[in-house]
Amino acid sequence: SERTYIMVKPDGVQRGLVGDIISRFERRGFKLIALKFVHASPEHLEKHYADLKGKPFFPGLIKYMASGPVVGMVWQGLDAVKTGRVMLGATNPLASAPGTIRGDFALAVGRNICHGSDSVDNAEKEIQLWFPEGIVQYTNDNEKWIFE
Ligand code: GTP
Ligand code: MG
């Protein structure tokens, strides 16, 4: 089934939200297949956000994302990319519904706690960028209780 790249941003780490965010994905029924704690370089983050190069907020975004460690994760399951985005909420937390990660924990678009891949293609690119060493596969016998 589908995989998505989810990352707790430096503000989420500083605010102690790593456990809550992991817990939400676990309880929803997704399978954790990779996890990494890393203080990323600006060069690495520029690759991650390459599509946004040229936006007025791009330099500030890279500075924010390089300001401390992040927690990068790969979650697998039914419709993982789209459902991951729904769980995150809208990009601007002012528009994020309560019950979403951003809607529960954030106020400002420039401090919005968490990243999620926006398409299956981008998810695969991001997984390659953050986990070039590859991912360990394992069987989880729960899956038949989570989707058909
Ligand atoms: P990610 O999951 O982090 O990729 O967010 P997104 O897909 O919801 O939004 P997008 O990829 O368009 O933008 C990436 C990140 O740049 C956002 O999550 C914000 O942190 C930041 N960003 C986007 N738009 C703005 C903006 O207008 N102002 C500021 N300050 N930051 C922005
Ligand atoms: Mg994005």
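Residues numbered from 1 in each chain as written. Chains lettered and ligands numbered in written order. Predicted model: local features only at pLDDT ≥ 70, side-chain atom pairs only at ≥ 80, totals over all residues. Heavy atoms only, no water.

Peer 1: Could you give an account of the side chain of Arg 24, with specific residues and numbers?
Peer 2: Within the secondary structure, Arg 24 is located in helix 2 (residues 18–28). A distance of 3.2 Å separates a polar side-chain atom of Arg 24 from the backbone oxygen of Gly 99. (Helix = DSSP H or I, 4+ residues; strand = E, 2+ residues; numbered from the N terminus. Polar contact = N/O pair within 3.5 Å; in protein donor to acceptor, adjacent residues only side chain to side chain.)

Peer 1: Tell me about the environment of Ile 22, and please be specific about residues and values.
Peer 2: Here Ile 22 is to be found in helix 2. Spatially, the C-alpha atoms of Ile 22 and Gly 60 are 26 Å apart, while their sequence positions differ by 38 residues. The contact partners of Ile 22, leaving out residues within four places of it in the chain, are Leu 35, Met 73 and Trp 75. (Contact = heavy atoms within 4.5 Å.)

Peer 1: So what's going on with unusual backbone geometry? Residues and values would help.
Peer 2: Look at Asp 79: it is not a glycine, yet its phi comes out positive at around 55 degrees. Mapped onto the elements of the fold, Asp 79 is located in the loop between strand 3 (70–77) and helix 5 (80–88). Assessed through its relative accessible area of 37%, Asp 79 is described here as partly exposed. Although it is not a glycine, Ile 113 adopts a positive phi angle of roughly 75 degrees. Note that Ile 113 resides in the loop between helix 6 (101–105) and strand 4 (114–116). Given a relative accessible area of 0%, Ile 113 falls into the buried group. (Buried < 20%, exposed > 50% of the residue type's maximum accessible area, 1.4 Å probe, protein only.)

Peer 1: Residues and numbers for the layout of surface pockets, please.
Peer 2: Taken as a whole, the largest pocket encloses approximately 650 Å³ of empty space. Taken together, 26 residues make up the lining of the largest pocket; nearest its centre are His 48, Tyr 49, Leu 52, Leu 61 and His 115. Taken together, the elements giving at least two residues each to the lining of the largest pocket come down to helix 3 (42–48), helix 4 (58–65), strand 4 and helix 7 (120–130). In terms of residues, the lining of the largest pocket owes the most to one element, helix 7, which gives 4 residues. Taken as a whole, the second largest pocket spans an internal volume of roughly 160 Å³. Taken together, 14 residues make up the lining of the second largest pocket; nearest its centre are Gly 29, Phe 30, Lys 31, Asn 140 and Asn 142. Ranked by residue count, the leading element in the lining of the second largest pocket is strand 3, at 3 residues. In terms of residue class, the lining of the second largest pocket is made up of 6 nonpolar, 5 polar and 3 charged. (1 Å grid on protein atoms, 1.4 Å probe; cavity = no way out; pocket = protein on both sides within 12 Å on 5 of 7 lines; lining within 4 Å. Points joined across faces, edges and corners; volume = space filled by probe spheres on them. Nonpolar A, V, L, I, M, F, W, Y, C, P; charged D, E, K, R; others polar.)

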